[in-house]
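# Observations on the three-dimensional arrangement
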Amino acid sequence: MKRAFFLVIFLILASTLGVAAELPRIYSIINAAEGGWNMVAPGEIVSLYGESLGPQVPVSFDNTYPVPQILGGTAATFNGQNGAIFYASSRQVNVLVPEKLVPDPNGLVLVMVSRLNQDGSKNESNVLKALYVLTVPALFSYKEGLVLVKVVHSYRDGVPHLVTADLPATCGGNGIYLTLWGTGFGRAYPPLPVGNPAPGAGDGNPPVEKSIAWMFVSVTDGNTLRILDNDCATIYAAPGYAGLDQVNVKLPCDLKPGQHQLYLFHYPQPLATIYTR
């Protein structure tokens, strides 16, 4: 009789421990374009890494807007506000941070993931504390004209850089025009509903500006750091996309051949490395 009793207790404990082992757990949060760690900005696409965050079989956003707030039974919140889920798997969730996010009284963002069960209950993760920032910019890809240029990610001092192929030898018009795509350049004005695409993709509406609609741009030219004109860079919410930022940059034609570091805003580390020939 005692053996049967203890066997029942053991099975109950084993079942309980099994459920606990499946609770979501977040280990880190990073800008989806491989930018800052454990920092969160409004309107930024972030990647959450951990265990049991989403389904064993990964699920992706099907490009039908708005981006859903629950995908594969997975949801993510930032100080209680739901984000929009682009991708969910057991170890990674890509999510769009709400535009109207505000910090808690300590200047932090409390990040949580929840898994919905078939019976309507949910398993909640630990709370990951991240620093609230207005911007945490990082670039996804690089484009010159209409020709995509290969991008290779490299790291120096823990900071991601974009190493591109050579730019064309010729320079048309008044400069070399680059279109860069990234995320974390601040909230849109007016703020976009979470998961909704930005207007301006042939719909007759103007592009939506980001919180920093223009920026100071400087580029190394030999041993000199050149500050470019104020109109050399503009930032928009990429038309037709959610969470994607479009940065238009005009570089001078007379850059010396070689490697150049592109600096944006007041950030001390270069955001991109550009080669000219």
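Going by the structure above, here's the rest.
Structural notes, computed from the coordinates.

Each value, and the rule that gives it
Residues numbered from 1 in each chain as written. Predicted model: local features only at pLDDT ≥ 70, side-chain atom pairs only at ≥ 80, totals over all residues. Heavy atoms only, no water. Phe/Tyr/Trp six-rings, centres within 6.5 Å; stacked < 30°, edge-to-face > 60°. Buried < 20%, exposed > 50% of the residue type's maximum accessible area, 1.4 Å probe, protein only. Helix = DSSP H or I, 4+ residues; strand = E, 2+ residues; numbered from the N terminus. Polar contact = N/O pair within 3.5 Å; in protein donor to acceptor, adjacent residues only side chain to side chain. Contact = heavy atoms within 4.5 Å. 1 Å grid on protein atoms, 1.4 Å probe; cavity = no way out; pocket = protein on both sides within 12 Å on 5 of 7 lines; lining within 4 Å. Points joined across faces, edges and corners; volume = space filled by probe spheres on them. Nonpolar A, V, L, I, M, F, W, Y, C, P; charged D, E, K, R; others polar. Pairing = 2+ DSSP bridges.

### So, the packing of aromatic side chains
What the rule picks out here adds up to two aromatic pairs. Judged by centre distance (5.2 Å) and plane angle (65°), the rings of Phe-61 and Tyr-65 are edge-to-face. For Phe-61, a relative accessible area of 12% puts it in the buried group. Here the aromatic cluster, defined as three or more aromatic residues joined through ring pairs, consists of Phe-61, Tyr-65 and Phe-86.

### A word on the side chain of Thr-74
In this structure, Thr-74 sits in strand E5 (residues 74-78). Of the polar contacts made by the side chain of Thr-74, one reaches the backbone oxygen of Leu-53; its length is 3.3 Å. In this structure, Thr-74 is in contact with Leu-53, Gly-54, Pro-55, Gln-69, Ile-85, Ala-88, Val-93, Val-113, Ser-114 and Arg-115, ignoring residues within four places of it in sequence.

### Details of the layout of surface pockets
The space that makes up the second largest pocket amounts to roughly 220 Å³. For the second largest pocket, the lining is made up of 13 residues, of which Ile-45, Phe-61, Phe-86, Phe-140 and Ala-242 are closest to its centre. Elements that contribute at least two residues to the lining of the second largest pocket include exactly strand E3 (45-51) and strand E7 (84-88). Looking at the lining of the second largest pocket residue by residue, the class counts come to ten nonpolar, three polar and no charged.

### Quick notes on the pairing of E7
Of all five residues in E7, four are buried; the element is thus mostly enclosed. Alignment of E7 against strand E8 (residues 92-96), held across four bridges, turns out to be antiparallel. Along E8, the bridge assignment pairs Tyr-87 with Asn-94.

The values are spatial; any link to function lies outside them.
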